[in-house]
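A look at the structure
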Amino acid sequence: MEEKKIPYKIYLSEDEMPRAWYNVRADMTNKPAPLLDGETMQPITLEKLSEVFCEELARQEMDDTTAWFEIPEEIRNFYKMYRPSPLVRAYCLEEKLGTPAHIYYKFEGNNTSGSHKLNSAIAQAYYAKRQGLKGVTTETGAGQWGTALSMACAYLGLDCEVFMVKCSYEQKPFRREVMRTYGANVTPSPSNTTAVGRKILEQFPGTSGSLGCAISEAVEAATSREGYRYVLGSVLSQVLLHQTIIGLETQTALRKYGIKPDMIIGCAGGGSNLGGLIAPFAGEMLRGEANYQLIAVEPASCPSLTRGVYRYDYCDTGAICPLQKMYTLGNGFIPAATHSGGLRYHGMSAIVSQLYEDGLMEARSVAQTDVFAAAQEFAKCEGILPAPESSHAIKVAIDEALKCKETGESKTIVFGLTGTGYFDMMSYGKFNDGLMTDYVPTEEELRRGFDSIPKFPGNE
Ligand SMILES: *Cc1c(COP(=O)(O)O)cnc(C)c1O
């Protein structure tokens, strides 16, 4: 009876919304390795990084000692349109599973972009605007990041140029049109509008594209023009920093009811939502205050943590971005055209990679059809149609809840529900028709990806 005091949805008030983002690197003994300049192979300087990224964002990227970054009031005001987001107790799912586990999910799908990506989009657009730029360029995979950035740019009056991975551009015309409705210019990638795009098309005619290719095109479009900068929706430490609003709100909501989670689960594409969700909890672990089981879930088709290597690699296929030390499948790895476009990325956040390397986190990979089955089960009892990406976390949360059913343990499971799947109905259609397949890369395919990782002393 006691536990029923916990409501279905734990809402925070606007005043309880965090006033600063948390930089978990400040509490890490083993800091992520510095970004390397691709020309000199030396740690990149702020000046050089600021040629690609906005100055303040470059500063955030390189800062591994400042624990808290105040959230500017303009950004906080934008956040208030759709935040704080609810932490939901999945009573219905628990009952359906017949598990003694307590399941909570932090729902980030309550905005038009349909995902957590708006949290960083508004921050990045804000700093671009404050620097007096005309606009920003970016890539988008499934379309969520491009949509989020289009919304943020429209709000602040910035020009927004989006390179959209070709298979998504074709598979997801609705998302493309949302972006255009918000005023963005959307180009399918690889395209012949950039030198790197033309080169990739020559090498791989008929390719369905990848996030890595699209990043390269967006970087070129930004650096070859005055008044533009490139912004990225994941992978970078600055993005993870902005996404800590997810974890900080979760922490506040849990504390409000004296709930202590046993495990925290997030899906991992580039690692920003997962990193943002777990950062405050990892911080407690790093400071020796608490212990949690932190779990990253990735698709079996793009297994950067579970089958990748920890090396310096380019964040993009065109090798224009600086090199980052991370778990990677190689910048030349082109994942199969799965239905979780947002998780099709060859690398992983440097922060998440280091936490994983240091054993503070574990990782699992899951097959696509199992993910959709979990999504359907969740949708039927929790009323939310989840994004395929988010459903990776659902899958492992359900697995863990069922383990509790066997052992009789009542663990408290928290997972990140990063977004909604309304624009993924073609994929759901495949699943419903029984036509969905599970693609797992062979060792040979992985080796080809690894061969694209740059080789230099200390990186083999
Ligand atoms: C982009 C996206 C992800 C994965 O991105 P991360 O940077 O790994 O967080 C997960 N879920 C949804 C709904 C997304 O749009």
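Above this text you will find the structure in question.
Values in this document were obtained by computation on a predicted structure and should not be read as measured data.

Of the regular secondary structure elements, the chain holds 18 helices and 15 strands. Against the compact-globule benchmark of 23 Å for 460 residues, the chain has a radius of gyration of 20 Å, which places it among compact chains. With the C-alpha coordinates of the chain rotated into their principal frame, the extents come out at 65 × 50 × 50 Å. By residue count, 63% of the 460 residues in the chain fall in the buried class. Of the side chains in the chain, 45 bear a positive and 56 a negative charge, and the two mean positions are spaced by 3 Å.

Taking 1.5 Å as the rise per residue, helix α16 (residues 388-407) with 20 residues should run 28 Å; its terminal C-alpha atoms sit 29 Å apart, in good agreement. Within α16, 14 of the 20 residues are buried, leaving the element largely enclosed by the surrounding structure.

It is worth spelling out the side chain of His-242 at this point. With respect to the secondary-structure elements, His-242 resides in helix α11 (residues 237-256). Beyond its immediate stretch of four places on either side in the chain, His-242 contacts Trp-21, Leu-57, Gln-60, Tyr-79, Asn-119, Ser-120, Ala-123 and Gln-124.

A word on the sheet that holds strand β8 (residues 185-189). Pairing within the open sheet is parallel, and its four strands lie in the order β8-β7-β6-β9. Every interior strand has two partners, whereas the edge strands, β8 and β9 (228-230), have only one. Neighbour to neighbour, the strand axes of the sheet diverge by 20° on average, direction disregarded. Lying over the sheet, helix α6 (residues 144-156) contacts β6 (135-140) and β7 (159-165), oriented at roughly 160° with respect to β6.

Quick look at the site of the ligand now. Taken together, 19 residues lie near the ligand, and Lys-117, Ser-234, Gly-269, Asn-273 and Thr-418 sit nearest. Gly-270 has a polar backbone atom sitting 3.0 Å from an oxygen atom of the ligand. Thr-418 has a polar side-chain atom sitting 2.6 Å from a nitrogen atom of the ligand. Alone, the ligand offers 380 Å² of accessible surface; in the complex the protein occludes 99% of this. Mapped onto the shell around the ligand, the elements with two or more residues apiece are α12 (272-286) and α16. Considered class by class, the residues forming the shell around the ligand number four nonpolar, 13 polar and two charged.

The next subject is the sheet that holds strand β5 (residues 102-107). The pairing of strands in a sheet happens through backbone hydrogen bonds and is either parallel or antiparallel. Overall, mixed pairing links the seven strands, which are arranged β1-β4-β5-β15-β10-β11-β14 in an open sheet. Two strands in the sheet have a free side with no partner beyond their single neighbour: β1 (9-10) and β14 (362-366). Direction of pairing for strand β4 (residues 87-89) relative to β5: antiparallel, over a ladder of three bridges. Directly across from Val-88, in β5, lies its bridge partner Tyr-105.

The next point concerns helix α10 (residues 211-223). Relative to the 18 Å expected for 13 residues at 1.5 Å per residue, α10 spans 18 Å between its end C-alpha atoms, a close match to the ideal helical length. The element α10 is extensively covered by neighbouring structure, given that eleven of its 13 residues are classed as buried. Where α10 is concerned, the buried positions are Leu-211, Gly-212, Cys-213, Ala-214, Ile-215, Ser-216, Glu-217, Ala-218, Val-219, Ala-221 and Ala-222. Buried residues along α10 sit in contact with α1 (46-52), β6, β7, β8, α9 (195-203) and β9.

The full count for this structure, using the stated rule, is 16 aromatic pairs. Where Tyr-79 meets Tyr-82, the ring centres are 6.3 Å apart and the plane angle is 85°; that geometry is what we call edge-to-face. Exposure class is identical for Tyr-79 and Tyr-82. Each is buried. Plain terms: the ring middles of Tyr-126 and Tyr-127 are 5.2 Å apart, the flat faces sit at 75° to each other, and that makes the pair edge-to-face.

With respect to the secondary-structure elements, Ala-300 resides in the loop between β11 (293-299) and α13 (304-307). Placed 222 residues apart in sequence, Ala-300 and Phe-78 show a C-alpha to C-alpha distance of 36 Å. Aside from chain neighbours lying at most four places away, what touches Ala-300 is Ser-365, Val-366, Ala-367, Tyr-439, Val-440 and Pro-441.

Here the focus is the pairing of strand β13 (residues 323-328). The buried fraction of β13 is high, at five of six residues. Bridge count for strand β12 (residues 309-314) against β13 is six bridges, and the pairing is antiparallel. In the strand pairing of β13, Val-309 is matched with Thr-328.

Quick look at the environment of Gly-132 now. Take Gly-132: it is sitting in the loop between α5 (118-130) and β6. Sequence separation of Gly-132 and Glu-377 is 245 residues, and the distance between their C-alpha atoms is 48 Å.

In this chain, Arg-83 is followed by Pro-84 through a cis amide linkage whose omega measures -10°. Considering the arrangement of structural elements, one finds Pro-84 in the loop between α3 (73-79) and β4. Cis geometry marks the peptide bond from Ser-189 to Pro-190; its omega dihedral reads 5°. Relative to the elements of secondary structure, Pro-190 occurs in the loop between β8 and α9. Even without being glycine, Met-41 reaches a positive phi, approximately 60°.

Parameters and conventions
- Throughout, residues of each chain are indexed from 1 in the direction in which the sequence is written.
- Only residues with pLDDT of at least 70 get local features here, since the model is predicted, and only at 80 or more are side-chain atom pairs given and counted; chain-wide, interface and lining totals rely on the full set of residues.
- The basis for the side-chain values is all heavy atoms of the structure; hydrogens and waters are excluded.
- A run of H or I in DSSP becomes a helix once it reaches four residues, and a run of E becomes a strand once it reaches two; helices and strands are each numbered from the N terminus.
- We compute the radius of gyration over the C-alpha atoms and compare it with the globule rule, which gives 2.2 Å times the number of residues raised to the power 0.38.
- Residue burial is assigned from relative accessible area. The probe radius is 1.4 Å, only protein chains are included, and a residue is buried under 20% of its type maximum, exposed over 50%, and partly exposed in between.
- For the charge count, each Lys or Arg is scored as positive and each Asp or Glu as negative, with His and the chain ends excluded.
- The location of each charge is read from NZ of Lys, CZ of Arg, CG of Asp or CD of Glu.
- For a helix, the expected span equals 1.5 Å multiplied by the residue count minus one.
- It only takes one pair of heavy atoms within 4.5 Å for two residues to be counted as in contact.
- DSSP bridges decide pairing: two strands pair if at least two such bridges lie between them.
- Only C-alpha atoms enter the line fits that serve as axes; for helices the fit covers just the stretch in contact. Angles between N-to-C directions range over 0 to 180 degrees.
- Nearness is judged by heavy atoms alone; a residue qualifies as near a molecule or strand once a single heavy atom is within 4 Å of it.
- Definition of a polar contact: a pair of N or O atoms within 3.5 Å, with one able to donate and the other able to accept a hydrogen when the atoms are protein atoms, and with sequence-neighbouring residues admitted only if both atoms are side-chain atoms.
- The accessible surface values rely on the Shrake-Rupley method and a 1.4 Å probe; as for residues, cover is taken only from the protein chains in view.
- Three classes are used: nonpolar for Ala, Val, Leu, Ile, Met, Phe, Trp, Tyr, Cys and Pro, charged for Asp, Glu, Lys and Arg, and polar for all others, with Gly counted as polar.
- Ring pairs are drawn from Phe, Tyr and Trp, using the six-membered ring of Trp, whenever the two centres fall within 6.5 Å, and their geometry is named by plane angle: stacked under 30 degrees, edge-to-face over 60, tilted for the rest.

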